Amino acid sequence: MIYADNAATTRMSRTAMDAMLPCMREVWGNPSSLYGFGQKAAEALEEAREKIAACLGASTPKEIYFTSGGSEADNQAILSAAENGAKQGKKHIISTAFEHHAVLHTLKKLEQEGFEIELLDVHADGMISPDQVDRAIRDDTALVTTMYANNEIGSILPIAAIGAVCREHRVTFHTDAVQAAGHLPIDVQKENIDLLSLSGHKFHGPKGVGVLYVRKGVSLRNLIEGGAQERGKRAGTENVPAIVGMAAALSEACSRMAEDTNKVVAMRQRLMDGLAKIPHSILNGDPEKRLPGNVSFCFEGIEGESLLLLLDDRGICASSGSACTSGSLDPSHVLLSIGRPHEIAHGSLRLSLCADNTEEDVDKILQAVPEVVAYLRSISPLWMDKMSGKRPFILS
């Protein structure tokens, strides 16, 4: 099997598993307990917090809060900033048209509660400029929330520059870094980030655990009431094994980032160059300012779902976009946001590599995808109409 869907989830690393086992076999006490056995678990929890703070460049481990994943962290960050803004009469929120649904659906909820949501248009290369943000900020802007890197097309936004604009205007800045953490160098202080979300299973950690970074001085709204865990901001006994595994995975990913990036970018480039040779195809996202392992293409005249099923028959795991919307028949909102017509957006393929992939994997993908695309086109009446001139091609 060739696994090329690492943007959806990653295989847990041996490092993460080895870190988790003692927390399940030996240090399994409740970290809120006052006796020594429980305090050993509390120590493991705080060591994990310190590791993650160091990876993100946080000023103190107290700025790290543990959550169930990226979606919860996104929700708490956005709802907190909205509540803080509303107290000052500020109910305008800026985001982008190609955010993850954890952000977009939360913003939709706030819109129903009377907030004004402004979604910035995305450029054809999948980018947002700091000038766009600067022009959009108003006196009543409570929050700017933009993803660090797009989960479908891989484009990396100019986060430090956007953060600087927000800091100049004294507007809270949140970034969904779920796809970036562990793959790109992040420094929340240098990049002027107030709130940041990440998820452990995107960098070879366990599922069901994430982080919300909160700059000192930013007030958090509780989503879950109950106990006093996470300094009273996230009730519920902490999942110590998962948190420790996530911290170990992130630390390992950050320590190996330069080496892994070089390897993965080389494979990504080979894939991009090879798939670009397929007639009537187009790369989605910026060719250079993109996540190391992300390859996103649209192929005219095919359906992405059929492409994925036939690739699966050949032992290749891929996707057409976000795993969170894999059951939807609608074209990707991300691809529509960069100007892809509905017909073209339906024929999308996302391959996401990691350092576990090999050059042999790339060879097999480059053999399989052109063959499957050619086969699907050969049985498509729409494609026959295009070839005969009855219908025009959209992609040159």
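These notes cover the structure that comes with them. Here the structure is a predicted model, which is why all the values come from computation and not from measurement.

Regarding its fold elements, the chain presents 14 helices and twelve strands. The C-alpha radius of gyration computed for the chain amounts to 22 Å, which stays within 12% of the reference 21 Å derived for 396 residues, consistent with globular compactness. Overall, the C-alpha framework of the chain stretches about 75 × 50 × 35 Å when taken along its three principal axes. Considering the chain as a whole, with its 396 residues, one finds that 55% of them fall into the buried category. Looking at the chain alone, contacts between residues at least 24 apart form 73% of all its contacts between residues at least 6 apart. Split by element, the accessible area of the chain, about 17100 Å² in all, is 52% carbon and sulfur. The centroid of the 40 positive side-chain charges in the chain is displaced by 2 Å from the centroid of its 51 negative side-chain charges.

Following the sequence through the fold, Ala73 ends up in helix 3 (residues 70-87). The spacing of Ala73 and Lys207 is 134 residues in sequence and 14 Å in space, taken between C-alpha atoms. Among residues more than four places away in sequence, those in contact with Ala73 are Thr67, Ser197, Val211 and Leu212.

Below, the discussion takes up the pairing of strand 4 (residues 116-120). Sheet analysis places strand 3 (residues 92-96) next to strand 4, joined by five bridges and oriented parallel. For Ile93, the partnering residue across the bridge sits in strand 4 and is Ile117.

Another point: the sheet that holds strand 5 (residues 141-147). Two modes of strand pairing occur in sheets, parallel and antiparallel, and in both the strands are linked by backbone hydrogen bonds. If you walk across this open sheet you meet the seven strands as 2-8-7-6-5-3-4, and the pairing is mixed. Strands at the two margins of the open sheet, each flanked by one partner only, are strand 2 (64-67) and strand 4. Put simply, the sheet's adjacent strands are angled 20 degrees from each other on average, direction ignored. Bridge analysis of strand 5 against strand 6 (residues 172-176) gives five bridges, and the strand direction is parallel. Bridge assignment links Leu143 to a residue of strand 6, and that residue is Thr172. Packed on one face of the sheet, helix 3 meets strand 2, strand 3, strand 5, strand 6, strand 7 (195-199) and strand 8 (210-214) and runs near 165 degrees to strand 7.

A separate point is the packing of aromatic side chains. Using the criterion set out here, one finds three aromatic pairs in the structure. Relative to Phe37, the ring of Trp28 lies with its centre 4.8 Å away and its plane at 80 degrees, an arrangement referred to as edge-to-face. Owing to a relative accessible area of 32%, Phe37 belongs among the partly exposed residues under this scheme. Note on Trp383 and Phe393: the rings are 5.3 Å apart at their centroids and 65 degrees apart in plane angle, and the pair reads as edge-to-face. With Trp383 in helix 14 (residues 381-388) and Phe393 in the segment after helix 14, this pair connects stretches of sequence that are ten residues apart.

On to the packing of helix 3 against helix 4 (residues 101-112). Remark: helix 3 packs on helix 4, axes separated minimally by 9 Å, with the N-to-C direction vectors making an angle of 35 degrees. You can see that helix 3 and helix 4 cross each other, and the crossing is right-handed. Contact residues: helix 3 offers Ser71, Asp74, Asn75, Ile78, Leu79 and Ala82, while helix 4 offers Ala102, Val103, Thr106, Leu107 and Leu110.

The subject of this paragraph is a nonpolar patch on the surface. On the surface, Trp28, Tyr35 and Phe37 cluster together into a nonpolar patch covering about 370 Å² of accessible area. As for its position among the elements, Tyr35 is in the loop between helix 1 (14-25) and helix 2 (36-56).

Rules used in this analysis
Residues numbered from 1 in each chain as written. Predicted model: local features only at pLDDT ≥ 70, side-chain atom pairs only at ≥ 80, totals over all residues. Heavy atoms only, no water. Helix = DSSP H or I, 4+ residues; strand = E, 2+ residues; numbered from the N terminus. Rg over C-alpha atoms; globule rule 2.2 N^0.38 Å. Buried < 20%, exposed > 50% of the residue type's maximum accessible area, 1.4 Å probe, protein only. Contact = heavy atoms within 4.5 Å. Areas by Shrake-Rupley, 256 points an atom, 1.4 Å probe, with all protein chains shown as cover. Lys, Arg positive; Asp, Glu negative; His and termini not counted. Charge placed at Lys NZ, Arg CZ, Asp CG, Glu CD. Pairing = 2+ DSSP bridges. Axes fitted to C-alpha atoms, helices over the stretch in contact; angles between N-to-C directions. Phe/Tyr/Trp six-rings, centres within 6.5 Å; stacked < 30°, edge-to-face > 60°. Left-handed = near helix turned anticlockwise from the far one by under 90°. Patch = residues over 30% accessible without salt bridge, like charges linked within 9 Å, V, L, I, M, F, W, Y side chains within 5 Å. Salt bridge = Lys/Arg side-chain N within 4 Å of Asp/Glu carboxyl O.

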